[in-house]
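# What the coordinates show
The chain contents come next:
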Amino acid sequence: MAISIRIPASLRTLTQAKEEVTVDGATVRAALADLDAKFPGFKDRLLDDKGVKRFMNVYLGDEDIRFLDGLDTPVKDGDSLTIVPAIAGGR
Amino acid sequence: MSARVLLVGVGGIGHPCALALAAVPDIELVFLDDDRVERSNLHRLVAFDEAHVGAPKAHALAEHIERELHATRPVVIVDRATPDSVRAHVDDADIVVEGSDNFATKFLVADACGLAGKPSVHGAAVGWSGTVLSVVPARSACYRCVFEDLPVGDAVDCATAGVFAPVTAMIGAVMAAHVREMLGPEPARAAKLSHFDATAGMFRHRTMQRRSDCPLCCEARVITAIDASRYSAPLCSH
């Protein structure tokens, strides 16, 4: 089950500058676990004990997974996840 | 009657946004910023040159708009948004454009806009990417619906990731476009999250849903006044 994940520019140090990576998994949780297995560090950056960190957003297509089933949202072959963190800057 | 547009921060993001809005009819611009021009800013503050180094950004930009663009001189307030002052500034505005460089100010201004029922446009740029979130109170997701609360620990800001100057220009331009849309017949159309990725040359726009448990805009909201203890985060040093 190939799921693409769009990596924000600020987290590409974890993916050797890759903008998009492909992972496996039947749910968002499994896809993110595979992302962390392939590119260690994502789990700590994205998740805490309550789920997705409060200043991070994960989208399945154009839908925020908070409004789906959160980390348990099912994904299927060809789906695309996007990570959008809160950022501050531009002084 | 002109719309009073308050720009909180006229640095890398607010600067291009202000230039784009300067000639728009029926807008009165108000700049709220106490920062001064630094040499390291010049590559992204395109209206300035070496002679402006050390000058207050808000005054220098207002002068440029009046002298070079022959537009109405913006109102300048050399100050920053603080828990004590933010409501007065926001209450006087019709639309708030927030281009500050730190999370504390972003959440402070977002909360003040939510409490005052003022439309707002929030922009940020770090490294090769940026976001614009436009909010129409009671009709769209607010800043806290999307980002919930101040980051703790490892959030990204321009102090840690730097900022690529063209990204600030893109974000400022999109913010100005959202302001124009908010002044039009269908302001709610402006309410969206736009995410720009310079490495892919790609903008993606999403319409955001309101969170039923949002602390700022849901029926059972817990934020009912500005409380200074909610806003503490380091300032960006770049």
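Now for a description of the structure that goes with this document. (Residues numbered from 1 in each chain as written. Chains lettered and ligands numbered in written order. Predicted model: local features only at pLDDT ≥ 70, side-chain atom pairs only at ≥ 80, totals over all residues.)

Quick look at the overall build of chain B now. Along its length, chain B carries 7 helices and 9 strands. For 238 residues, the compact-globule formula gives about 18 Å, and the C-alpha radius of gyration of chain B, at 17 Å, lands near that figure. Here the C-alpha coordinates of chain B stretch approximately 50 × 45 × 35 Å along the principal axes. Every one of the 238 residues in chain B was classed for burial, and the buried ones make up 53%. Long-range contacts, defined here as pairs at least 24 residues apart, represent 70% of the contacts in chain B between residues at least 6 apart. (Helix = DSSP H or I, 4+ residues; strand = E, 2+ residues; numbered from the N terminus. Rg over C-alpha atoms; globule rule 2.2 N^0.38 Å. Buried ≥ 20, exposed ≤ 12 C-beta atoms within 10 Å, placed from the backbone. Contact = placed C-beta atoms within 7 Å.)

All names here are of chain A. Summarising the element assignment, Gly 61 is placed in the loop between β5 (56-60) and β6 (63-64). Residue Gly 61 is classed as exposed on the basis of its 11 C-beta neighbours within 10 Å. Each C-alpha atom, one on Gly 61 and one on Leu 32, is 15 Å from the other, the two residues being 29 residues apart in sequence.

Attention now goes to the nonpolar core. Among the nonpolar cores identified, the biggest contains 100 residues, and B:Val5, B:Leu6, B:Leu7, B:Ala18, B:Phe31, B:Val97 and B:Met175 are the most heavily contacted of them. The contact partners of B:Met175, leaving out residues within four places of it in the chain, are B:Ile13, B:Cys17, B:Val97, B:Gly99, B:Val121, B:Gly123 and B:Val132. (Core = buried A, V, L, I, M, F, W, Y, C linked by C-beta atoms within 7 Å.)

For the rest of this paragraph, the subject is the environment of A:Met1. All names here are of chain A. With respect to the element layout, Met 1 can be found in the segment before β1 (3-6). Considering only alpha carbons, one finds Met 1 and Ala 33, 32 residues apart in sequence, at a separation of 14 Å. Those residues within four positions of Met 1 in sequence are excluded, and the remaining contacts are Asp 24, Gly 25, Ala 26, Lys 76 and Asp 77.

So, on to the interface of chain A and chain B. Taken together, the contact pairs 20 residues of chain A with 38 residues of chain B. Mapped onto the side of chain A that touches chain B, the elements with two or more residues apiece are β5, β7 (80-85) and β8 (87-88) of chain A. The residue makeup of the side of chain A that touches chain B, split by class, is 10 nonpolar, 4 polar and 6 charged. (Nonpolar A, V, L, I, M, F, W, Y, C, P; charged D, E, K, R; others polar.)

Attention now moves to helix α4 (residues 103-116) of chain B. All names here are of chain B. Between its first and last C-alpha, α4 extends 20 Å over 14 residues, near the 20 Å set by a 1.5 Å rise per residue. Counting buried positions over the 14 residues of α4 gives 13, a clear majority of the element. With its phi angle positive at about 70°, Gly 117 sits one or two positions after the end of α4. (Expected span 1.5 Å × (residues − 1).)

All names here are of chain B. A positive phi is found at Asp 26, a non-glycine position, where the angle reads about 65°. Looking at the element boundaries, Asp 26 is found in the loop between α1 (14-21) and β2 (27-32). C-beta crowding within 10 Å serves as the criterion here: with 8 such atoms nearby, Asp 26 is assigned to the exposed category. In this structure, His 70 is a non-glycine residue whose phi angle is positive, near 55°. Tracing the chain through its elements places His 70 in the loop between α2 (57-67) and β3 (75-77).

This paragraph deals with the sheet that holds strand β6 (residues 129-135) of chain B. Residue and element names in this part refer to chain B. An order of β3-β2-β1-β4-β5-β6-β8-β9 is seen for the 8 strands of this open sheet, with the pairing classed as mixed. Either end of the sheet is taken by a strand with one partner, and the two such strands are β3 and β9 (202-206). Strand-to-strand twist of the sheet, defined as the mean angle between neighbouring strand axes without regard to direction, takes the value 15°. Examined bridge by bridge, strand β4 (residues 95-98) and strand β5 (residues 120-126) share 3 bridges and lie parallel to one another. Note that in β5 the partner of Glu 98 across the bridge is His 122. (Pairing = 2+ DSSP bridges. Axes fitted to C-alpha atoms, helices over the stretch in contact; angles between N-to-C directions.)

Buried within α2(B) are the following residues: B:Lys57, B:Ala58, B:Ala60, B:Leu61, B:Ala62, B:His64 and B:Ile65. Buried positions along α2(B) lie against α1, β2 and β3 of chain B.

For the rest of this paragraph, the subject is the sheet that holds β7(A). All names here are of chain A. One open sheet holds the 5 strands; their spatial order is β2-β1-β7-β5-β6, and the pairing between them is mixed. The sheet is open, and its two borders are formed by β2 (20-23) and β6, each paired with just one other strand. Summarising the sheet, β5 and β7 pair through 5 bridges and their orientation is antiparallel. In the strand pairing of β7, Met 56 is matched with Pro 85. Contacts between helix α1 (residues 28-38) and the sheet are confined to β1, β2, β5 and β7, with β2 contributing the most and set at about 115° to the helix.

Consecutive side chains along a regular strand alternate between the two faces of the sheet. Residue and element names in this part refer to chain A. Summarising burial for β7: 5 of the 6 residues are buried, a large majority. For β1 and β7, the ladder comprises 3 bridges, and the chain directions are parallel. Bridge pairing in β7 links Ser 4 to Ser 80.

This next bit is on the environment of B:His59. Residue and element names in this part refer to chain B. Relative to the helices and strands, His 59 resides in helix α2. C-alpha separation for the pair His 59 and Ile 77, spaced 18 residues apart in sequence, amounts to 8.5 Å. If near-sequence neighbours (up to four positions away) are discounted, His 59 is found in contact with Val 76 and Val 78.

These values are about where atoms sit, not about what they do.
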